[in-house]
Amino acid sequence: MPDTITPADVGAFTRDQVEILAARKGEAEWLRASRMAAHGVFADTPMPTTRLEDWRYTDIKKLVRLDEFSFAEERGPASVGAGLPAGLATLMAEAGEFEARLVQIDASVVIRELPESLAAQGVIFTSLEIAAQEHPELVQKHLGTAITTDDGKFAAMNAALWTGGTFLYVPRGVQVEAPFRVYRWITEGGTAAFGRTLVVAEQGSKFSVVETLGSDDLAKPALSVGAAEIFADEGAVAIYTSVQRYGRGVAHLSTDRLVAGRDAKITTLYTSFGADLARADVQCRMQAPGSHIDMLGLYIADGTQHFDNQTLQDHLAPHASSNLLFKGALSDKGRSVFRGLIRVHPKAQRTDAYQTNRNLLLSDGARADSLPNLEIQADDVRCSHAATVGQLDEEEVFYLLSRGIPKAEAVRLVVFGFFAEVLEQLPLEGVKQELLRVVERKLATRR
Amino acid sequence: MPFNEDVAALGLDEYKFGFRDAEDYIFKSRKGLDEDIVREISSQKNEPKWMLDIRLKALKHAQARPWPEWGGDLSGLNFEDIYFYIRPSEKVGKTWDEVPENIKNTFERLGIPDQERRILAGVGAQYESEVVYHSLKAEWEQAGVIFKGMDDGLRDHEDIVREHFGKVVPYRDNFFAAVNTAVWSGGSFVYIPKGVKLDMPLQAYFRINAESMGQFERTMIIVEEGAQVQYIEGCTAPSYSQDSFHSGVIEILVKDGARCRYTTIQNWSHNVYNLVTQRAMVGRDATMEWVDGNLGSKLTMKYPSCYLMGEGARGEILSIAYAGNGQHQDAGGKVIHAAPHTSSRIVSKSISKGTGRSSYRGLLHVQPGAHHARSNVECDALLLDEQARTDTYPYINIEDQHAQIGHEATVSKIGDEQLFYLMSRGLSEDAAATMVVRGFIEPIAKELPLEYAVELNRLIELEMEGSVG
């Protein structure tokens, strides 16, 4: 069945370019070899078509033409307050409290800020490029182990071509209150950026990471192919949030894998506000007994925005639990796809797993596709899923109208309340407030 | 109810319908599927040319189409090894006495005449590829109701058949619909004239006898404006070591204000591939109800569907699947809301035992402009054993903002507390588990006519035997 590979499928991202990339960065042989292997998978894997189940509702061949992009440019070091793109400076100014910051513009990490007190405790927070040089054993042990060659064309593309990147290592028992903030900015149309994140939470550590992706509205399309691997060891508590606020013109494809060890707890939140096309492929793995993952998602599409969320709650171990709540609102010709799977492997007895996807359709051209799936191979489990697609609750709107609130405002309030349920589950007050403002603004400028 | 004794008394420890008759046929095609076979079938039936043309077009399409890659595992199904047409007898029996002795024996063992006598309803019974026995109450005939085998339907009512054949399920729809269109034989033809309401169900019974047999019945039900009908079919096959193949197509047209209920209890033997297309087009203010029970077969892929074409149309799909050792029940339902103010409900219950696997695969589609569509889907799966598996794959595609669509599914095992409670009242663990299962399927069972509900419960009890401990 595989379609024949055309030069356009591989685009400008050739094997030679990977070699050049690895050589220019002076990368170790193991890293160069893994890039080359990944490039092989990328080149051998045809562009997904809608005949593939995973891509049934997202015609990526039509939406993204790889030969239209060239590598995003490299940038020199920068500093906050001087020479940052205005849009990026605004994003950063809007953020709530933070502990440390890392900023990537196009292909390069340009700002790294880590307080001395954290560095003294052994926390590493730097670009993945630097980490691969300075802490090769840590990086090699984890990089590419949660995302594998089975994860498809775009995961392989990222593994072959990533630049800059984020590496966060929090040693055993270290607890950090305010979030680590990461910003990724794309400056130009016609370019492709490959951000990559590796987070290692050692035993009993506790912290949060917030990644914000942004750009201006771009006249020419730009491509963002991201990947993240998050490992939480025994008893660790990690929160990972991705705030996608790209401008129009951007296509964002990401592959994220989160692995929870014994009694570890991971909370993730994936939001989609910007970009023309955003597709998140997020898999959480309950690797050991007592692990728990909360997966949250929030998306608001208007215009012709197309958001596709693919999730997996993968239960490999007994006595673990997971809970997913994805909510979205669609207006104009906005489209969403949610395809979620709870998979309980034969040995994962006593699993508790829940999955809920709720969609609001706010206009007639909008469309929502929801595929909440279950595959259960253990018998002593409690699993359920629910999905709804519908309009605003007219009674709720009517109630507000009867209190003298104008229609537009009443609708906005109800939609706002709809999303609040997701954000209330995010245990980061500052980020929650920030996201509520983003939601509010997006709803206000709804076309 | 002390069902254990019941079961022993019935001697049902083995697959009940596993007996087989000696093969004594008028015509048996060679194995495999090609143009000659299709021409042979058509000429044996003395069909009009337009039907042969459709068959040949469908065959071409089937041959060009890739083998289906989704759903259950079809790798064990080999077309080269299937008889696509077997003709058991010269003529269709008008009375029970006219039916050949060996076939009659079969049906007597299946309890068909008995059932007919009991409820005095119409029975069409299909034996291999031909309808051999057939009767209809006189007053229905007078009202213009037609209920006969599909081959007779084509012969006697060519205009009606030609107008509707392949309109609800075109051969291009899916691979198995194409195969069925090419080699179809038998099935029921039902026509209910405008305003006629039947208060007794029509019944048909399908059976596979020969080994490596493919059965491809084609059923067409046309319910004219304001009319009402209930149609019930049951299916069995004896057990053979060779796998068999059943691939029916059921086309139903429910015109404005009409009502149709179609009930299937499928209990094929455990080596039958049961791949069926069941679809209804539902007109304005009309109602279509599917009641679908899947207990037998090796692999079932069956998704009864309602296309709600007229304003105010309603579709309902109630299904139950029981997957025992080595079985895969890939069942579900499809509803397409294509008009405003349409509503639908899907209730699906599945039980997986041993290495059985049950899958719910559903589609709920609200097309643009089908405003004020309402739909609710509930899927509940019960797992009885550690190796059992269940999946839920609901597709929900909503393209109109004025819709209220909900889907819910749960998976659980039999509650320890429920078992404990029943056992503390003196029930054995087996009996307690069976009672819980029976309660679980109650919402579906209560929709069945009495004798089918009894049969369903009995089959479940049978399957449940020794399932605990």
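Criteria and thresholds
- Residues numbered from 1 in each chain as written.
- Chains lettered and ligands numbered in written order.
- Predicted model: local features only at pLDDT ≥ 70, side-chain atom pairs only at ≥ 80, totals over all residues.
- Heavy atoms only, no water.
- Helix = DSSP H or I, 4+ residues; strand = E, 2+ residues; numbered from the N terminus.
- Contact = heavy atoms within 4.5 Å.
- Areas by Shrake-Rupley, 256 points an atom, 1.4 Å probe, with all protein chains shown as cover.
- Rg over C-alpha atoms; globule rule 2.2 N^0.38 Å.
- Lys, Arg positive; Asp, Glu negative; His and termini not counted.
- Charge placed at Lys NZ, Arg CZ, Asp CG, Glu CD.
- Buried < 20%, exposed > 50% of the residue type's maximum accessible area, 1.4 Å probe, protein only.
- Buried area = accessible area lost by both parts, 1.4 Å probe.
- Salt bridge = Lys/Arg side-chain N within 4 Å of Asp/Glu carboxyl O.
- Polar contact = N/O pair within 3.5 Å; in protein donor to acceptor, adjacent residues only side chain to side chain.
- Nonpolar A, V, L, I, M, F, W, Y, C, P; charged D, E, K, R; others polar.
- Core = buried A, V, L, I, M, F, W, Y, C linked by side-chain atoms within 4.5 Å.
- UniProt positions renumbered as here; feature names shortened; annotations may be inferred.
- Expected span 1.5 Å × (residues − 1).
- Bend = angle between axes of the 7 residues up to and from the residue.
- Axes fitted to C-alpha atoms, helices over the stretch in contact; angles between N-to-C directions.
- Parallel < 35°, antiparallel > 145°, perpendicular 65-115°, else oblique.
- Left-handed = near helix turned anticlockwise from the far one by under 90°.
- Phe/Tyr/Trp six-rings, centres within 6.5 Å; stacked < 30°, edge-to-face > 60°.
- Disulfide = S-S within 2.5 Å.

If you tally the helices and strands in chain B, you get 12 helices and 24 strands. Contacts in chain B between residues far apart in sequence, at least 24 positions, make up 84% of those at least 6 positions apart. Accessible area for chain B stands at about 17200 Å²; split by element, carbon and sulfur atoms hold 48% of it.

Let us look at the overall build of chain A. From N to C terminus, chain A includes 12 helices and 21 strands. Relative to the compact-globule value of 22 Å for 447 residues, chain A shows a C-alpha radius of gyration of 21 Å, a close match. Projected onto its principal axes, the C-alpha positions of chain A cover 65 × 55 × 50 Å. Sequence separation of at least 24 residues holds for 84% of the intrachain contacts in chain A that already meet a minimum separation of 6. Accessible area for chain A stands at about 16400 Å²; split by element, carbon and sulfur atoms hold 50% of it. Of note, chain A has its 47 positive side-chain charges centred 2 Å away from the centre of its 59 negative side-chain charges.

Another aspect to go through is unusual backbone geometry. Look at Ala275 of chain A: it is not a glycine, yet its phi comes out positive at around 70°. A positive phi angle, close to 55°, is found at Asn46 of chain B, a residue other than glycine. Summarising the element assignment, Asn46 of chain B is placed in the loop between helix H2 (35–44) and helix H3 (49–64). We classify Asn46 of chain B as exposed; its relative accessible area is 69%.

Contacts between chain B and chain A engage 31 residues on the former and 35 residues on the latter. Roughly 2800 Å² of surface becomes buried between chain B and chain A when both sides are summed, with 44% attributable to carbon and sulfur atoms. On inspection of chain B and its partner chain A, the count reaches 3 salt bridges. Notably, a salt bridge pairs Lys413 of chain B with Asp380 of chain A, separated by 3.8 Å at the nearest N-O pair. If you look at where chain B meets chain A, you find 17 residue pairs in polar contact (both at pLDDT 80 or more). Elements with a contribution of two residues or more to the side of chain B that touches chain A: strand S23 (389–398) and strand S24 (403–413) of chain B. Ranked by the residues each element gives to the side of chain B that touches chain A, the list is headed by S24 of chain B, at 11 residues. When the residues that make up the side of chain B that touches chain A are grouped by side-chain class, the tally is 12 nonpolar, 10 polar and 9 charged.

The subject of this paragraph is the nonpolar core. Residues Phe180 and Phe207 of chain A together with Ile252 and Met288 of chain B are the most contacted members of the largest nonpolar core, which totals 104 residues. Apart from residues lying up to four places away in sequence, Met288 of chain B is in contact with Ile252, Val254, Cys260, Tyr262, Ala280, Val282, Cys306, Arg314, Gly315 and Glu316 of chain B. Ranked by size, the runner-up nonpolar core spans 40 residues in total, among them Val18, Phe167, Ala251 and Val259 of chain A.

According to UniProt, the "domain: SUF system FeS cluster assembly SufBD N-terminal" (unreviewed entry) feature falls on residues 25–182 of chain A. Overall, residues 25–182 of chain A shows 36% helix and 16% strand. The separation of its end C-alpha atoms is 22 Å.

This part is about helix H11 (residues 429–445) of chain B. Residue and element names in this part refer to chain B. With 17 residues, H11 should cover 24 Å at 1.5 Å per step; its first-to-last C-alpha distance of 23 Å lies within 8% of that length. Of all the bends in H11, the greatest reaches close to 35° and is centred on Gly439; the proline Pro443 follows between one and four positions later. Within H11, the full set of buried residues consists of Asp430, Ala431, Ala432, Ala433, Thr434, Val436, Val437, Phe440, Ile441, Ile444 and Ala445.

All names here are of chain A. Taken N-terminus to C-terminus, the directions of helix H11 (residues 407–423) and helix H12 (residues 429–444) make an angle of 150°; their axes are 11 Å apart at the nearest point. The angle between H11 and H12 falls in the class roughly antiparallel. Crossing geometry of H11 relative to H12 is assigned as right-handed. Facing Arg412, Val415, Phe416, Phe419 and Leu423 of H11, the residues of H12 in contact are Lys432, Leu435, Leu436, Val439, Glu440 and Leu443.

The next thing to look at is the packing of aromatic side chains. Considering all chains together, one arrives at 24 aromatic pairs over all chains under this definition. With a centroid separation of 5.9 Å and an interplanar angle of 50°, the aromatic rings of Trp55 of chain A and Phe154 of chain A are classed as tilted. With Trp55 of chain A in the loop between helix H3 (29–44) and helix H4 (60–63) and Phe154 of chain A in helix H9 (residues 153–161), this residue pair connects regions lying 99 residues apart in the sequence. Each member of the pair, Trp55 of chain A as well as Phe154 of chain A, is classed as buried. Here Trp70 of chain B and Tyr303 of chain B contribute two aromatic rings whose centre-to-centre distance is 5.8 Å and whose plane-to-plane angle is 35°, an arrangement assigned as tilted. Taken together, the residues Trp70 of chain B in the loop between H3 and strand S2 (86–87) and Tyr303 of chain B in the loop between strand S16 (299–302) and strand S17 (305–308) connect sequence positions 233 residues apart. Take Trp70 of chain B: its relative accessible area is 46%, and that puts it in the partly exposed class. Each residue in the set Trp67, Phe79, Phe84, Phe175, Phe176, Phe216 and Phe245 of chain B is aromatic and connected to the rest through ring pairs, giving one cluster.

Next up on the list: the state of the cysteines. In this structure the tally under the stated criterion is 0 disulfides over all chains. No disulfide involves Cys260 of chain B; its sulfur sits 9.6 Å from the nearest other cysteine sulfur, which is in Cys306 of chain B.

On to the UniProt feature "domain: SUF system FeS cluster assembly SufBD core" (unreviewed entry) in chain A, then. With numbering matched to this structure, UniProt assigns "domain: SUF system FeS cluster assembly SufBD core" (unreviewed entry) to residues 187–418 of chain A. Note that residues 187–418 of chain A is 9% helix and 59% strand, and that its end C-alpha atoms are spaced 33 Å apart.

Right, let's get into the pattern of salt bridges. Once their charged atoms are close, side chains differing in charge can pair, the charge on each being opposite to the other. In this structure the tally under the stated criterion is 56 salt bridges over all chains. Note that Arg35 of chain A and Glu27 of chain A form a salt bridge whose closest N and O atoms lie 2.7 Å from each other. The residues Arg35 of chain A and Glu27 of chain A share a single accessibility class, namely buried. Of the charged contacts in the structure, one is a salt bridge between Lys255 of chain B and Glu224 of chain B, with a shortest N-O distance of 3.1 Å. In this pair, Lys255 of chain B sits in the loop between strand S12 (249–254) and strand S13 (259–267) while Glu224 of chain B sits in the loop between strand S9 (218–223) and strand S10 (228–236), placing the two residues 31 residues apart along the sequence. The exposure class assigned to Lys255 of chain B is partly exposed, which follows from its relative accessible area of 24%. Owing to a relative accessible area of 14%, Glu224 of chain B belongs among the buried residues under this scheme. Overlapping salt bridges, with partners in common, bring together Arg24, Lys25, Glu74 and Glu129 of chain A in one network.

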